[in-house]
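Secondary and tertiary structure notes
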Amino acid sequence: MKEKELMENQICTNNYLLIKIVDPAKETLSGIVIAEQYQEKPRWGWVLDVGEGLADLNGVVHKPPFEVGDLVYFMKHAPEKMDYSDIGLGVLHFISEGDVFSKIKVATLDDGSKQLGELIPIGNYINILPLEDKVKTKTAGGIYLPDQVIERPSIAKVLAVGPGQRTASGFHAPVVRPGQIIRYRAMAAQTVKFDDLGVNRPPATIIPYGDVLAIETENLEQILKDRLNSIEGVLK
């Protein structure tokens, strides 16, 4: 589609997205009805339109990294309600680029059916796999700890990395890469569930890059031991 046609068909402005919210699941995948008070707030939406983007200090316009038909996972209180009932479309919602944590591309297969792709982190977010085997579940004496006192995982493997945080002059890309082991603030982790999409897929975990504390380098143990020894030598 030519640029002129895109502009003529553009609905949103700036870095806003127009979305159709996916209603929260009213029953589990196994058929158990979820009481209304326990239903999750909407977190998923279908992208209907994308704004032209915002310019940085150099005048370069950065278009939000979305396309019509993408599924986006957003902050639960972010959507701005807009009533389009006057043209028969009911209620739709607007969100900004910064309200989105992740997206999923939808592929059309040879038989015409649709298939959801992998979860893609947006902005300053990264997808991780918490390493549960690093969590202590019992004391040194062999006593098993109850669930409520077990510390949450704070070590994880990086699965995917977003393009980075938008700044006045462009983007600041995270230095972590897929496959690396990191240490992070445990309370920063968010669980992305796919139940509302009717997809039987394990939950994913995302965190802001700003809550990554360290990267586990290959010689981490020796590096830290050497530095600790040098410090202890100074204090003697």
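So, here's what we can say about the structure. (Residues numbered from 1 in each chain as written. Predicted model: local features only at pLDDT ≥ 70, side-chain atom pairs only at ≥ 80, totals over all residues. Heavy atoms only, no water.)

Description of the overall build of the protein chain
Quick note on the threshold: A run of DSSP states H or I qualifies as a helix once it reaches four residues; a run of E qualifies as a strand once it reaches two. Both are numbered from the N-terminal end. Only protein chains enter the area calculation, which uses a 1.4 Å probe; residues under 20% of their type maximum are buried, those over 50% are exposed, and those in between are partly exposed. Residue contacts are counted whenever heavy atoms from the two residues lie within 4.5 Å of one another. Every accessible area reported is derived by Shrake-Rupley at a probe size of 1.4 Å, with residue values counting cover from the shown protein chains alone.
Scanning the protein chain from terminus to terminus reveals two helices and 17 strands. In the protein chain, which comprises 236 residues, the share counted as buried stands at 34%. Taking as baseline every contact in the protein chain between residues at least 6 positions apart, the subset at least 24 positions apart corresponds to 62%. Element-wise, carbon and sulfur atoms account for 54% of the exposed surface of the protein chain, whose accessible area totals about 15400 Å².

Structural notes on the nonpolar core
Worth spelling out the cut-off: For our purposes a nonpolar core is just a set of buried Ala, Val, Leu, Ile, Met, Phe, Trp, Tyr and Cys residues, chained together by side-chain atoms within 4.5 Å.
If you look at the biggest cluster of nonpolar residues, it comprises 14 residues, and the most contacted ones within it are Trp44, Ile104, Leu119, Val192, Phe194, Leu197 and Ile206. Breaking this core down by element, the ones donating at least two residues are strand S5 (71–74), strand S8 (100–108) and strand S16 (204–208). By size, the runner-up hydrophobic cluster in this structure holds 12 residues, among which are Val50, Ala78, Ile95 and Ile122.

Overview of the sheet that holds strand S1 (residues 16–21)
Rule in force here: DSSP-based pairing: two strands are paired if at least 2 bridges between them are found. In this analysis, axes come from line fits to C-alpha atoms, helices being fitted only over the stretch in contact, and the angle between any two N-to-C directions falls in the range 0 to 180 degrees.
Sheet architecture is open: seven strands sit in the order S6-S7-S1-S2-S5-S8-S9, paired in antiparallel fashion. Because the sheet does not close on itself, it has two edges, and the strands there are strand S6 (80–83) and strand S9 (114–121). On average, each strand axis in the sheet is tilted by 40° relative to the strand beside it, whichever way the strands run.

Notes on the environment of Leu54
Mapped onto the secondary structure, Leu54 falls in strand S3 (residues 54–55). Spatially, the C-alpha atoms of Leu54 and Asn14 are 5.7 Å apart, while their sequence positions differ by 40 residues. The contacts of Leu54, once residues within four sequence positions are left out, are Asn14, Asn15, Val60, Val61, His62 and Arg166.

A closer look at the packing of aromatic side chains
Definition in use: Any pair of Phe, Tyr and Trp rings, taking the six-membered ring for Trp, is counted once the centres come within 6.5 Å. Such a pair is stacked with planes under 30 degrees apart, edge-to-face with planes over 60 apart, and tilted for the rest. A ring is scored as having a charge over it whenever the NZ atom of a lysine or the CZ atom of an arginine sits within 6 Å of its centre and within 35 degrees of its normal.
Counted according to the given criterion, the structure contains four aromatic pairs. With a centroid separation of 5.8 Å and 35° between ring planes, the pair formed by Trp44 and Phe194 is classed as tilted. In this pair, Trp44 sits in strand S2 (residues 44–50) while Phe194 sits in the loop between strand S15 (190–192) and S16, placing the two residues 150 residues apart along the sequence. Assessed through its relative accessible area of 1%, Trp44 is described here as buried. Ring pairing ties together the aromatic residues Trp44, Tyr73, Phe101, Tyr125 and Phe194, which thus form one cluster. For Arg201, the ring lying beneath its charged end belongs to Phe194, and the centroid distance is 5.1 Å.

As for the sheet that holds strand S10 (residues 125–130)
Pairing is antiparallel across the open sheet formed by six strands, whose spatial order is S15-S16-S10-S11-S14-S17. Both edges of this open sheet fall to S15 and strand S17 (212–215), since each of them pairs with a single strand only. When the angles between neighbouring strand axes are averaged without regard to direction, this sheet yields 45°. Two strands pair when backbone bridges link them, and S15 and S16 are joined in this way by three bridges, in the antiparallel orientation. From the neighbouring strand, Thr191 faces S16, where its bridge partner is Thr205.

A few points about the layout of surface pockets
Over the atoms rolls a probe the size of a water molecule, and in doing so it shows where empty space is left. Put simply, the rule reads: A cavity here means a set of points on a 1 Å grid, drawn over the protein atoms and nothing else, where a 1.4 Å probe fits but cannot get out; a pocket is an open set with protein on both sides within 12 Å along at least five of seven lines, and a residue lines either one if it has an atom within 4 Å of a point. Grid points are joined across faces, edges and corners, and a volume is the space filled by probe spheres set on the points. Classification convention: Asp, Glu, Lys, Arg as charged; Ala, Val, Leu, Ile, Met, Phe, Trp, Tyr, Cys, Pro as nonpolar; all other residues, Gly among them, as polar.
Of the voids in this model, the largest pocket is the one considered here, and its volume is about 510 Å³. Lining the largest pocket we find 20 residues, and of these Ile128, Pro130, Pro203, Ala204 and Thr205 sit closest to its centre. Sorting the residues of the lining of the largest pocket by element identifies S9, S10 and S16 as the ones contributing at least two each. If you tally residues by element for the lining of the largest pocket, the top one is S10, at four residues. For the lining of the largest pocket, the residue count by class is 13 nonpolar, three polar and four charged.

Thoughts on the side chain of Ser96
Secondary-structure assignment places Ser96 in strand S7 (residues 91–96). The class for Ser96 is buried, based on a relative accessible area of 16%. Beyond its immediate sequence surroundings of up to four residues, Ser96 is in contact with Asn15 and Tyr16.

Everything listed here is a matter of geometry and, on its own, says nothing about what the molecule does.
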